[in-house]
Protein chains: 2
Amino acid sequence: MKKHNLCYAQSGGVTAVINTSAAAVIAAAKTTPAVHRVYAAQNGILGVLNEELIETWHESGKSLRQLEQTPGGAFGSCRVKLPDPNDDLVPYARLMDVFAAHDIRYFLYNGGNDSADTAMKLSAAARTLNYPLVVVGVPKTIDNDLAATDTCPGFPSAAKYVAVSIAETMLDVASMSATSTKVFVLEVMGRHAGWLAAAAGMAVPVGGGALMILPPEVPWRRAHFVATLHRRVKKYGYAAVVVSEGLCDSKGNFLSADGTDQFAHHQLGGVAPIIADVAKHAGYKCHWGVADYMQRAARHIASAVDAKQAVAVGEVAVQLAVQGKNAYTPVIRRLSDSPYRWRVEATSLKKVANRERRNSLALANVVLICS
Amino acid sequence: MKKHNLCYAQSGGVTAVINTSAAAVIAAAKTTPAVHRVYAAQNGILGVLNEELIETWHESGKSLRQLEQTPGGAFGSCRVKLPDPNDDLVPYARLMDVFAAHDIRYFLYNGGNDSADTAMKLSAAARTLNYPLVVVGVPKTIDNDLAATDTCPGFPSAAKYVAVSIAETMLDVASMSATSTKVFVLEVMGRHAGWLAAAAGMAVPVGGGALMILPPEVPWRRAHFVATLHRRVKKYGYAAVVVSEGLCDSKGNFLSADGTDQFAHHQLGGVAPIIADVAKHAGYKCHWGVADYMQRAARHIASAVDAKQAVAVGEVAVQLAVQGKNAYTPVIRRLSDSPYRWRVEATSLKKVANRERRNSLALANVVLICS
């Protein structure tokens, strides 16, 4: 069997377990007969364009185990949008040149839905340019908004962070509420999908019904919010509010947004102080926190299931690559709820690219909590 | 020996280990011959005024072990300022009546410097009113600004939270900085003392020199900050900024403050977005987080030393009470740096009340990091 090289790259926002997938890809590729050497591109697809390829085959088992437990993206990630290959093949020609120069026939792109789009463009361009490249996705996003997968590596750990943080802070606020703070607002990530905000619902057995969840799927109406807040404080002595950064008003405008990125996404953040101001005007002493990068970097409280799934998708991605499953990605399929059982399957990147899975399942609970 | 009852109460901002002290007080008092029953006042001193006393002697060993590991203040805390007993003895007469009605001769107040002030007033009033009360403090504050103690229960856990959070987020930002976020700002608590901000320095072995610390002791000058930020980003590709909520400008005004509490303290919070705006104007994509109550409620990442010290001060406080050490408090005395060795000693509450220990020791390091 003729061996070829594999290149792995990280893309988009990093997670607590993206390096866990990286370590699994490198370890699996090392023992895969069809793979000769494993490169990691520095800063995602940019590393290929700039021919900055890290030689990972020198890494020991010990250093891979350390990598597995390190937050952030060890090889550097990026937010870069490639042109449509039908309009502009120039960067793709450069990419294929670099792949050819290093005998790279397998490219694994570890990212979310924007990255799946990049992977598909790359796959199409390789076909046009007649370069024998197999492109495989490795799913990752804390937002859990990836279509076609039950859950997505990165999300369970961030969800655990949110649930533990709000449970702990609810105990804190509950103890102070007689004479001091009565409302605590925690802002979590989630542009359009409220999975992370909904994860706060796991704190209900600790904090009880004092919790309110404001996901981006439910338009925020001030009067309704204030009325609900008053009911919560009256009943429990305090209230805790978990709000998605992407909370919108009834016209669909973000409550907080400044600037846009390359993908024409608004940069969000800062909705917690807005909600806190409303609570203050309603007469309550209020504190607020913003979990921002802490929620996606919190490897110290990573979910064990998440780490296992991150390993599994990495291993299966290597298998798919050497099987020639071009433009495919591993996904998680749920087999049962209780106990939670799952397996990894393969699906086309088309089913993932540029789609956002909204929070329909969780919304049933969220609406209960909001009302 | 005539036995009397003991009352324990929690006061001021709670910590990850204040319940650890509570459990230790209850367990120690149970086995102290001079103590008959242990009450916990509901919501601090208010619980005595309102005669809301929780009977803790029904609690099992298992429930005390659970209490030990629960964040927040299980019996409720409060922020209440009692009048000067020289001006107004009325509330004190009520307190002594309640103590007398329940044969409470020992009162343990678990709090910071404001609470030490309350405890001293209580002790003075008891003398004036001729009620045989022994008042003992149990130290607690995440700010570490308590005079006369090496460190203060609550601080080591919050410090660990801050150090771990900034280390994790620095790894996150470092991996994104080539094409996305270049500056991350984390706001931590600390009104006048920058111990918590300085604790971020523990992340330097992970994040390296990209860290900047802005403690309240060092007046913030915009031009100097921006120049330092540019140097950091140029050298490391990114920068992380840990800022105390109490950061002041060169005139001594808080950068962010709205409203004041009963102790005439400003309610702070919201300096991170101000610093982030400055970083954005300096040309960098910037993210910011606010740790707020998360940092003091994070029992999931509590420091083992902190938990041990919280137990030790609780146990010693019970001993001091039955020894009649009125208006005393246990403090931590450092015996050696490496390995860190300590013991609990007793000191007068006078040395603690209404004083703030500034961050002089840590400042040497902080200045290094800021410059």
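Residues numbered from 1 in each chain as written. Chains lettered and ligands numbered in written order. Predicted model: local features only at pLDDT ≥ 70, side-chain atom pairs only at ≥ 80, totals over all residues. Heavy atoms only, no water.

Draft legend 1. Representation of the packing of helix 4 (residues 90–101) of chain B against helix 5 (residues 113–128) of chain B in the model. All names here are of chain B. Contact geometry for helix 4 and helix 5: axes closest at 10 Å, N-to-C directions at 80 degrees. The angle between helix 4 and helix 5 places the two elements in the roughly perpendicular class. Within the contact between the two elements, helix 4 uses Tyr92, Leu95 and Met96 and helix 5 uses Lys121, Leu122, Ala125 and Ala126. Residues that form the contact of helix 4 with helix 5 fall into these classes: six nonpolar, no polar and one charged. (Axes fitted to C-alpha atoms, helices over the stretch in contact; angles between N-to-C directions. Helix = DSSP H or I, 4+ residues; strand = E, 2+ residues; numbered from the N terminus. Parallel < 35°, antiparallel > 145°, perpendicular 65-115°, else oblique. Contact = heavy atoms within 4.5 Å. Nonpolar A, V, L, I, M, F, W, Y, C, P; charged D, E, K, R; others polar.)

Draft legend 2. Structural context of the relation of the copies chain A and chain B. When chain A is fitted to chain B, the best match, at an RMSD of 0.0 Å, comes from turning it 180 degrees and sliding it 0.0 Å along the axis. Given the turn and translation reported, the copies of this chain are related as if by a two-fold rotation axis. It is Val290 of chain A whose C-alpha, among those of chain A, lies nearest the rotation axis, at 2.4 Å. Of the residues that chain A buries at the interface, 100% are likewise interface residues in chain B, meaning the two copies contact each other through the same surface. (Least-squares fit on C-alpha atoms with pLDDT ≥ 70 in both.)

Draft legend 3. Inspection of the state of the cysteines at higher detail. Residue and element names in this part refer to chain B. Enumeration according to the criterion identifies zero disulfides over all chains in this entry. Here Cys7 stays free of any disulfide, with the sulfur of Cys78 as its closest cysteine sulfur at 12 Å. According to the relative accessible area criterion, Cys7 is buried, its value standing at 0%. (Disulfide = S-S within 2.5 Å. Buried < 20%, exposed > 50% of the residue type's maximum accessible area, 1.4 Å probe, protein only.)

Draft legend 4. The interface of chain A and chain B, seen in detail. Contacts between chain A and chain B engage 53 residues on the former and 53 residues on the latter. When the area that chain A buries against chain B is broken down by residue, the three leading residues are Glu168, Tyr293 and Met294 of chain A, summing to 16%. Inspection of the region where chain A meets chain B yields two salt bridges. Asp172 of chain A is the salt-bridge partner of Arg296 of chain B, the closest N and O atoms lying 2.8 Å from each other. Inspection of the chain A/chain B interface yields 20 residue pairs in polar contact (both at pLDDT 80 or more). If you list the elements that add at least two residues to the side of chain A that touches chain B, you get helix 6 (155–176), strand 6 (183–188), helix 10 (271–281), strand 9 (286–290) and helix 11 (292–297) of chain A. Sorting elements by how many residues they give to the side of chain A that touches chain B places helix 6 of chain A first, with 10 residues. (Buried area = accessible area lost by both parts, 1.4 Å probe. Salt bridge = Lys/Arg side-chain N within 4 Å of Asp/Glu carboxyl O. Polar contact = N/O pair within 3.5 Å; in protein donor to acceptor, adjacent residues only side chain to side chain.)

Draft legend 5. Local environment of the environment of Pro85 of chain A. Residue and element names in this part refer to chain A. Relative to the helices and strands, Pro85 resides in the loop between helix 3 (61–68) and helix 4 (90–101). Taking the C-alpha atoms as reference points, Pro85 and Ala124, 39 residues apart in sequence, are found 7.5 Å from one another. Excluding its chain neighbours within four sequence positions, the residues that come into contact with Pro85 are Tyr92, Lys121 and Ala125.

Draft legend 6. Spotlight on the packing of aromatic side chains. Throughout the structure, instances matching the rule amount to 17 aromatic pairs over all chains. Both rings, one in Trp288 of chain A and one in Trp288 of chain B, keep their centres 6.3 Å apart while their planes meet at 80 degrees; by these two values the pair is edge-to-face. With one member in each of two chains, Trp288 of chain A in strand 9 and Trp288 of chain B in strand 9 (residues 286–290) form a pair that bridges those chains. Summarising the burial analysis for this pair, Trp288 of chain A and Trp288 of chain B share the class buried. Members of the aromatic cluster, joined through ring pairs, are Phe99, Phe107, Tyr109 and Tyr131 of chain A. Here the guanidinium or amino end of Lys325 of chain A rests over the ring plane of Tyr328 of chain A, the centre of that ring lying 5.5 Å away. (Phe/Tyr/Trp six-rings, centres within 6.5 Å; stacked < 30°, edge-to-face > 60°. Lys NZ or Arg CZ within 6 Å of the ring centre and 35° of its normal.)

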